[in-house]
Amino acid sequence: MRGAIFDVDGTLLDSMNVWWDVLTDFFRIHGHELSDEDAARYKELTFEESIPMISDILGLKMSCTEISDELKKMAFKQYENTLPLKKDADKYLKKLHDAGIKTAIATSGYEELCKTAFLRLGVWQYIDACAFSSEVGVNKSNPDVYLLAAKRIGIPPEECIVFEDISTGIRGAKKGGFITCAVYDETSAEETDILKQIADRYITEWTELL
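Right, let's walk through the structure included here.

What counts, and where the lines are drawn
Residues numbered from 1 in each chain as written. Predicted model: local features only at pLDDT ≥ 70, side-chain atom pairs only at ≥ 80, totals over all residues. Heavy atoms only, no water. Helix = DSSP H or I, 4+ residues; strand = E, 2+ residues; numbered from the N terminus. Contact = heavy atoms within 4.5 Å. Areas by Shrake-Rupley, 256 points an atom, 1.4 Å probe, with all protein chains shown as cover. Core = buried A, V, L, I, M, F, W, Y, C linked by side-chain atoms within 4.5 Å. Buried < 20%, exposed > 50% of the residue type's maximum accessible area, 1.4 Å probe, protein only. Polar contact = N/O pair within 3.5 Å; in protein donor to acceptor, adjacent residues only side chain to side chain. Salt bridge = Lys/Arg side-chain N within 4 Å of Asp/Glu carboxyl O. Pairing = 2+ DSSP bridges. Right-handed = clockwise from strand over helix to strand, strands pointing away.

### Topic: the overall build of the chain
Counting secondary structure elements, the chain contains ten helices and six strands. When contacts within the chain are restricted to residue pairs at least 6 apart in sequence, long-range pairs at least 24 apart make up 67% of them. Working note: accessible area of the chain is about 9,600 Å², and carbon and sulfur atoms make up 49% of it.

Below, the structure written as structure tokens:
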């Protein structure tokens, strides 16, 4: 392995519940309850893909940009102040950095949120490059965001390992020819069996790789 590519929310950051809370609060503010079915659908999409659906369901007279800005504002305080890394994620990132292994993040999230949290948590210096689903225009069922991350660190896919917490991401990365490692997250616990089947490796916490 010469390169490592990380999902952010649910993989490095213990943050998935934040987004469910944000969406739940957003729906309630606009007079609706977020159903489990809708929440599951959004999990498979980029945020940009989910916003038109949210607008349609809620019947909002807001632009997609206005909806996006409101959701980011609701989440920002937690990324800035309280969200933790998953246990020992910082130690693993430092281990890779010290060994000369190039690292990148590949995320459906927002750059300003990721950078804000990683700066506060002291791990931004271990990240060599970033790639965002918004740049490639498709969600993680496709390999595009991982391929962009690999390109930016200058390592071919077959020499990179992708770390993801959901099966959509693992499948997308495998389409691109990457080695894959699934990472347990409480919000995707129902996928544990399938993740163990489709990923090249499965870990419950970062301590296992130290």
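Next comes the rest of the write-up.
### Re the nonpolar core
Soluble, globular proteins show a tendency: their nonpolar side chains are buried together. In terms of nonpolar packing, the biggest core is built from 51 residues, with Phe-6, Tyr-79, Phe-118, Phe-163 and Trp-206 touching the most fellow members. Per element, the largest residue contribution to this core is eight residues, and it comes from helix H1 (residues 16-29). Sequence-distant contacts of Phe-6, defined by excluding residues within four places in its chain, comprise Leu-12, Tyr-92, Leu-93, Leu-96, Thr-103, Ala-104, Ile-105, Ala-106, Phe-163 and Trp-206. The next biggest cluster of nonpolar side chains, apart from the first, holds 16 residues, and it includes Ile-5, Ala-104, Ala-149 and Ala-173.

### Details of the side chain of Ser-133
Here Ser-133 lies in helix H7 (residues 133-136). At 3.1 Å, the side chain of Ser-133 forms a polar contact with the side chain of Ser-108. If we skip the residues at most four places from it in the chain, Ser-133 touches Thr-46, Thr-107, Ser-108, Val-138, Lys-140 and Val-145.

### Regarding the pattern of salt bridges
All told, the structure shown has eleven salt bridges when counted by the stated rule. A salt bridge links Asp-185 to Lys-86; the shortest N-O distance between them is 2.9 Å. Pair noted here: Asp-185 is in the loop between strand E5 (179-183) and helix H10 (192-198) and Lys-86 is in the loop between helix H4 (64-81) and helix H5 (89-98), with a separation of 99 residues, a long-range link. The two residues Asp-185 and Lys-86 agree in class, both being buried. A single salt-bridge network, built from bridges that share partners, covers Asp-7, Lys-140 and Glu-164.

### Quick word on the pairing of strand E2 (residues 102-107)
Consecutive side chains along a regular strand alternate between the two faces of the sheet. Of all six residues that make up E2, five are buried, and the element is covered over most of its length. Pairing analysis gives four bridges linking strand E1 (residues 3-6) to E2, with the strands arranged parallel. Paired with Phe-6 across the two strands is Ile-105, which belongs to E2. Across four bridges, E2 lies against strand E3 (residues 129-132) in parallel orientation. Bridge pairing links Ala-104 to Ala-129 in E3. Read as a crossover between parallel neighbours, the route from E2 over helix H6 (residues 111-121) to E3 is right-handed.

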